[in-house]
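Residues per chain are reported as follows:
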Amino acid sequence: MRSVALLQRLLHLVPVLFGVTVIVFLMMSLTPGDPAEIMLANQNATPEQVASLRHDMGLDRSLPTRFVTFVGHAVQGEFGLSLFHRRPVAAVIAERLPATIELSAAALLFALFMAIPLGVVAAVHRGGILDRLATVGSLFGVSLPGFWFGILLLLAFAVNLRLLPVSGAIDFAHQPPGLTGFLVIDSVLAGRMDSLGNALAHLLLPAITLGLPMAAILMRVTRASMLEVLRQDYITFAEAKGLGRTRILALHALKNALLPTVTVAAIETGSLLGGNMVVETVFGWPGLGRLVVESIFVRNYPLVQAAVLLYAVTYVLVNFVADMLYTVLNPRVRM
Amino acid sequence: MAELLPGRLARLAALTVLAFVLMAAFAPWVAPHDPGATDLFRRLQPPGWMEEGDWAFPLGCDALGRDILSRIIYGARVSIFIGVVVVLIATMIGVAAGLAAGYLRGWVDRVISGLVDILLGFPYLIFAVGLMAMMGPGVLNMVLALAYKEWVVPCRVVRGETLAARETEYVEAARAIGASSATIMAHEVLPNILSPVIVVATVRIAQVIILEASLSFLGLGVQPPAASWGSMVADGRGYILDAWWVSTFPGFAILLLVLSINVASQAVRDALDPRFHD
């Protein structure tokens, strides 16, 4: 039964991924203006050079042909040449990806470590002072513009208190040998504690900035579902059996209350992926988000196109995995 | 939530939102200075209460010597305009699409729901950035870029509510007396599902305002010399060491407005829809 349902959902991915690809392709194709001319603007290109670039980019072919070519190349991870870097787009993106993944993972961890305990405490002490504080805190969390909050954190901790670095992902002197591209992992692998400390110090403020809105939302979800679970009969039964409060919360309530948290966390990765662009710009983080923003200003469209597609596909897959996880964790879902 | 946010707080929030709206509407009369007037002698002048400050420019001046308060007042126009217009357009499209999908079902539902699923595949800001990169900056393009995706939110809500309303007795009754689908959707279903639509719309205005500010911060939104809160924060970034006020006050304006909308919208939600209570 389950494997059939799993297969159905897997098949549902196909039209969604196809549709996403069509939209990304159209985004870059149907807009007014000739990409070749835009790219060669300010370079005193002759009409022949423009025509030659148009041909190289396949712009002289029909839209459906170009779409088929685009998909064929995209499946192989081939997105053409990054015009600004004069290197393949895929290589440029691969170089920047670890920093973005590292930042997103740190933000996700921050959000979960903030949200789950606070949500549980708020639900258990419903209406109390901690609940009120958590509610007000979560309202601030969803209302704070990330780019501004990041600047305030920089002003406080990097500029005034001088506790943390102002920008970048690591200081040059502490750069670990590059094995995976993930600075934290590379530092550990090389046994360089100085690098690890330096990388984590750089990571702290961007991760908090990026994770805060997510923490606010997850806190409210955890609180609401915890309240729901605490009303259930099996909790009353556990209490009647004389089980300790902590034991009930940890073993019986939390496990079930976390299901919605997992689902919403997956949905909110969308805001993490988008927030990367803003947070990386504020903190000078050498990741994909900042690269996309920079690429827009130098009209490096093949890179923007590839990155938008990568973000969307990642998002679709994360949601799919969360959906599966939910099904596996929740015995009540008999698909 | 009602027990946690006393009525007084909700009223205060609603009044704050109203103050922002009035400020935006009457900007030319409220603003002490021309938001675009530069004066290099007042470059990075501190706020009134600081040394070297001047109370004629209470929140200080930016790098071109423009009055920050006046720019914040004019910036409210951009934020509120985009927030309201995007949500309005999105709600109209979303309600129509959601009603059609939920009531008519069949291929109409499959097409609309398929489109919704695809658009949900894009992280919001990424989608907007991709579109803005192609269309170029500007207020109209930003409204389009945000509305293209925003309608999905009311559409899903309306579709769900319509599916439920479809099976109710009053809809059955209307169908029995031979009312057309369009009539039933407009006169029977729509009035009964309006509360959640209004609740969602008020919350979304706050989110759209943050998205607009983020796009403008990245340099993809409203273009200079027009004042937008997001671009004002971006302008001030370069002077954060010497002039903290340039970035701080516009960002605070965003926080205050968005927070007030969020608090006020919870009161709206509690008033309109008892199901949302904890």
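Computed from a predicted structure; not experimentally measured.

1. Side note on the overall build of chain B
Inference 1: Secondary structure summary: chain B contains eleven helices and zero strands in total.
Inference 2: For chain B, the N- to C-terminal ordering of α and β elements is α-α-α-α-α-α-α-α-α-α-α.
Inference 3: In chain B, which comprises 278 residues, the share counted as buried stands at 54%.
Inference 4: Of all intrachain contacts in chain B linking residues separated by at least 6 positions in sequence, the fraction that spans at least 24 positions is 71%.
Inference 5: Approximately 12000 Å² of chain B is accessible, and the part contributed by carbon and sulfur atoms is 66%.

2. Remarks on the UniProt feature "domain: ABC transmembrane type-1" (unreviewed entry) in chain B
Inference 1: Following the UniProt record, one finds the feature "domain: ABC transmembrane type-1" (unreviewed entry) at residues 76-265 of chain B.
Inference 2: End C-alpha atoms of residues 76-265 of chain B are separated by 19 Å, and the span's content is 83% helix alongside 0% strand.

3. Digging into the UniProt feature "domain: ABC transmembrane type-1" (unreviewed entry) in chain A
Inference 1: UniProt feature "domain: ABC transmembrane type-1" (unreviewed entry): in the numbering of this structure it lies at residues 97-322 of chain A.
Inference 2: For residues 97-322 of chain A, helix accounts for 81% and strand for 0%, while the C-alpha atoms at its two ends are 22 Å apart.

4. Some details on the UniProt feature "transmembrane region" (unreviewed entry) in chain A
Residues and elements named next belong to chain A.
Inference 1: UniProt tags residues 12-30, 105-124, 136-159, 199-221 and 308-329 as "transmembrane region" (unreviewed entry).
Inference 2: Here residues 105-124 is 100% helix and 0% strand, with 29 Å between the C-alpha atoms at its ends.
Inference 3: The straight-line gap between the two end C-alpha atoms of residues 308-329 is 31 Å; of that span, 100% is helix and 0% is strand.

5. Observations regarding the side chain of Ser-225 of chain A
All names here are of chain A.
Inference 1: Tracing the backbone shows Ser-225 in helix 9 (residues 193-230).
Inference 2: Classification of Ser-225 as buried rests on a relative accessible area of 10%.
Inference 3: A distance of 2.7 Å separates a polar atom in the side chain of Ser-225 from the backbone oxygen of Ala-257.
Inference 4: Those residues in contact with Ser-225, other than ones at most four positions away along the chain, are Ala-257 and Pro-260.

6. Points about helix 4 (residues 106-120) of chain B
Inference 1: Look at helix 4 of chain B: 21 Å from first C-alpha to last across 15 residues, which is about the 21 Å you get at 1.5 Å a residue.
Inference 2: Every buried residue belonging to helix 4 of chain B is among Val-108, Asp-109, Ile-112, Ser-113, Val-116, Ile-118 and Leu-119 of chain B, and all of these are buried.

7. Quick word on a nonpolar patch on the surface
All names here are of chain B.
Inference 1: Together, Leu-15, Leu-18, Leu-22, Phe-26, Trp-29 and Val-30 give the surface a local cluster of nonpolar side chains, amounting to about 670 Å² of exposed area.
Inference 2: Counting only elements with at least two residues in the nonpolar patch, the list comes to helix 1 (7-25) and helix 2 (27-30).
Inference 3: Per element, the largest residue contribution to the nonpolar patch is three residues, and it comes from helix 1.
Inference 4: In this structure, Leu-15 sits in helix 1.

Rules used in this analysis
- Residues numbered from 1 in each chain as written.
- Chains lettered and ligands numbered in written order.
- Predicted model: local features only at pLDDT ≥ 70, side-chain atom pairs only at ≥ 80, totals over all residues.
- Heavy atoms only, no water.
- Helix = DSSP H or I, 4+ residues; strand = E, 2+ residues; numbered from the N terminus.
- Buried < 20%, exposed > 50% of the residue type's maximum accessible area, 1.4 Å probe, protein only.
- Contact = heavy atoms within 4.5 Å.
- Areas by Shrake-Rupley, 256 points an atom, 1.4 Å probe, with all protein chains shown as cover.
- UniProt positions renumbered as here; feature names shortened; annotations may be inferred.
- Polar contact = N/O pair within 3.5 Å; in protein donor to acceptor, adjacent residues only side chain to side chain.
- Expected span 1.5 Å × (residues − 1).
- Patch = residues over 30% accessible without salt bridge, like charges linked within 9 Å, V, L, I, M, F, W, Y side chains within 5 Å.
- Salt bridge = Lys/Arg side-chain N within 4 Å of Asp/Glu carboxyl O.

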